[in-house]
Amino acid sequence: MSSATVPSMTEDELQKLLEKTLPAADLHGLFVEECQDQDVRLRFSLAPGEAWSMPALLSLVDTALRAAAGLEAQLTHLNATVLKPAQAADVLALSRVIRRDGESIHAEAWLFSHTAIDPMLHATATLRGLFPG
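Going along each chain's sequence as written, the residues are numbered from 1 onward. Two thresholds apply to this predicted model, a pLDDT of at least 70 for residue-level local features and 80 or more for giving and counting side-chain atom pairs, whereas whole-chain, interface and lining totals are computed over all residues. Derived side-chain values reflect all non-hydrogen atoms in the structure, with water molecules and hydrogen atoms excluded from consideration.

Draft legend 1. Molecular detail of the environment of A86. Mapped onto the fold, A86 is located in the loop between β3 (74-82) and β4 (91-101). A86 sits 13 residues away from A73 along the chain, and the two C-alpha atoms are 27 Å apart. Aside from chain neighbours lying at most four places away, what touches A86 is W52, L57, S113 and M120. Secondary structure elements are defined from DSSP: runs of H or I of at least 4 residues count as helices, runs of E of at least 2 residues count as strands, and each element is numbered from the N terminus. Throughout, a contact is declared for two residues whenever any of their heavy atoms are within 4.5 Å.

Draft legend 2. Structural detail: the pairing of strand β2 (residues 39-44). For two strands to be treated as a pair, DSSP must find no fewer than two bridges joining them. In this structure, strand β1 (residues 31-36) lies alongside β2, joined through five bridges in antiparallel fashion. What sits directly across from V32, in β2, is L42. Between β1 and β2, which pair antiparallel one after the other, the connecting turn spans two residues, and D37 there sits at a positive phi close to 50 degrees.

Draft legend 3. How the structure looks around the pattern of salt bridges. By salt bridge we mean one thing: a side-chain nitrogen of Lys or Arg within 4 Å of a carboxyl oxygen of Asp or Glu. Enumeration according to the criterion identifies seven salt bridges in this entry. One salt bridge in this structure joins E108 and R96, with 2.7 Å as the shortest N-O distance. Of this pair, E108 sits in strand β5 (residues 104-113) while R96 is found in strand β4, placing the two residues 12 residues apart along the sequence. When a residue's accessible area, from a 1.4 Å probe over protein chains only, is under 20% of the maximum for its type it is buried; when over 50% it is exposed; and in between it is partly exposed. Accessibility expressed as a relative area gives 11% for E108, which makes it buried.

Right, dumping it as structure tokens:
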């Protein structure tokens, strides 16, 4: 297993980087609540009158995974399990890197409606990234 990690960032630094990197359509009122090492907690908000669609939720998963693994990482494999329908509420995303092995990064993300109590979606993924060893 590689010991290389994503450089530590503050919440404000990650917020600015995500806002600069992501297309506006993928932001969904993004707010970085916490980022420690390779664990990230993001909050996404609906615009008035909107509802969460599956493509929008998968966009949140991609954002959460890349926020934990490194924004330059590219998703290569994704397994998502929908546990319950999304509510018309903020979505909280918790993501973390499970393992790094060379260019492969294995990560997971959980999506919750409003609070981190009852998950609505769980995803595991492999991403590809180039990090100095």
